[in-house]
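# Geometric and topological summary
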Amino acid sequence: MSRVTVEVNVIAGKERTKSESGGGGGAVGNVWLRPQRDKGEPPLTRARIVRAAVDLLDEEGMERLTMRRLAERLQAGATTLYWHVKTKGDVIDLAVDAIFGETPVPDRHGDDPRQDIATLVNDWRRAMLRHPWAATVPSRQRPLMGPNFLTWMEFLQSALARAGLTEKRLNAATWALYNHVMGATATQSSLRLSAEEARMGQEYLERQRERYPTVAANQYISDDDWDANFALGLEFLLDGIEAQTRS
């Protein structure tokens, strides 16, 4: 894509390039699989872009992130920004990986693989809750492949391997833990239920108790103890992993 094309797209408000929309003759769509271009447009660097993107996302959310707004925040021209990142998707990929770089992975495993897994998963949850927009990223079309995330994944999978899982069972356990973290944090970050709405929801269930007796009896609407529910769900998963290693 030429710089002229980039400028036309920015003016028209079109933020998707050929690589994002599926065109471009099979161009690589993942920022981690393309060569980095950090030279040629100082003083703007990829690191500055990523920091500004994380700050913008923290303050205003995913919906407000555009290449134009990011360029304005950096006090740079859009053309200069596109020298370092080709698409908005690149920016999000880089920003998510930066989040995983905020909390270091332990230098070595402990004696108990289960404890290693629990520690990593809880750190992962806290990282997502510090940056609530990040929990919505897995709904996008590209896998997380940044170096910081892969360092976390290496620690997690090696702990699962030490626990006795291999091949298909190891990958299934990985995805179960991944989905527990990302699903729980996405729900906690996005669900906005006032005390009054929770009360009215529970009253509705009480009126429908004959139809939904178990749901009504277990406070489905009003139970917002996110920490306890996450911890207990993690225990269920870890118990299941241990059971698999004994089978």
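Shown above is the structure to which this text applies.
A brief structural summary. Note that this is a predicted model, so its numbers are computed, not measured.

### Let's talk about the overall build of the chain
- The helix and strand inventory of the chain stands at 12 helices and zero strands.
- The secondary structure elements of the chain, listed N-terminal to C-terminal, are α-α-α-α-α-α-α-α-α-α-α-α.
- Within the chain, the proportion of its 247 residues that are buried is 38%.
- Partitioning the intrachain contacts of the chain with sequence separation of at least 6 by distance along the chain shows that 74% fall at a separation of at least 24.
- When the accessible area of the chain is evaluated, it comes to approximately 14,200 Å², of which 53% is carbon and sulfur surface.

### Focus: unusual backbone geometry
- Although it is not a glycine, Q75 adopts a positive phi angle of roughly 55°.
- Along the chain, the position of Q75 falls in the loop between α4 (67-73) and α5 (78-84).
- Positive phi is not limited to glycine here, since E167 has a value of about 45°.
- Tracing the backbone through its elements, the reader meets E167 in helix α9 (residues 167-190).

### So, the packing of aromatic side chains
- Applying the stated criterion across every chain yields a total of seven aromatic pairs.
- For the ring pair F100 and W124, a centre distance of 6.0 Å and an interplane angle of 70° mean the geometry is edge-to-face. Of the two residues, F100 sits in helix α6 (residues 88-100) while W124 sits in helix α7 (residues 113-130), which places them 24 residues apart along the sequence.
- Every member of this aromatic cluster is reached through a ring pair, and the members are F100, W124, F149, W152, W175 and Y178.
- When the ring centre of F230 is taken as origin, the NZ or CZ atom of R125, which lies over that ring, is 4.8 Å away.

### A word on the nonpolar core
- Counting 55 residues, the largest nonpolar core has L70, W124, M128, W133 and L160 as its most contacted members.
- Elements with a minimum of two residues in this core: α3 (46-60), α4, α5, α6, α7, α8 (147-163), α9 and α12 (226-246).
- Contact partners of W133, with chain neighbours within four places excluded, come to V54, L57, D58, M62, A95, V96 and I99.

What counts, and where the lines are drawn
Residues numbered from 1 in each chain as written. Predicted model: local features only at pLDDT ≥ 70, side-chain atom pairs only at ≥ 80, totals over all residues. Heavy atoms only, no water. Helix = DSSP H or I, 4+ residues; strand = E, 2+ residues; numbered from the N terminus. Buried < 20%, exposed > 50% of the residue type's maximum accessible area, 1.4 Å probe, protein only. Contact = heavy atoms within 4.5 Å. Areas by Shrake-Rupley, 256 points an atom, 1.4 Å probe, with all protein chains shown as cover. Phe/Tyr/Trp six-rings, centres within 6.5 Å; stacked < 30°, edge-to-face > 60°. Lys NZ or Arg CZ within 6 Å of the ring centre and 35° of its normal. Core = buried A, V, L, I, M, F, W, Y, C linked by side-chain atoms within 4.5 Å.

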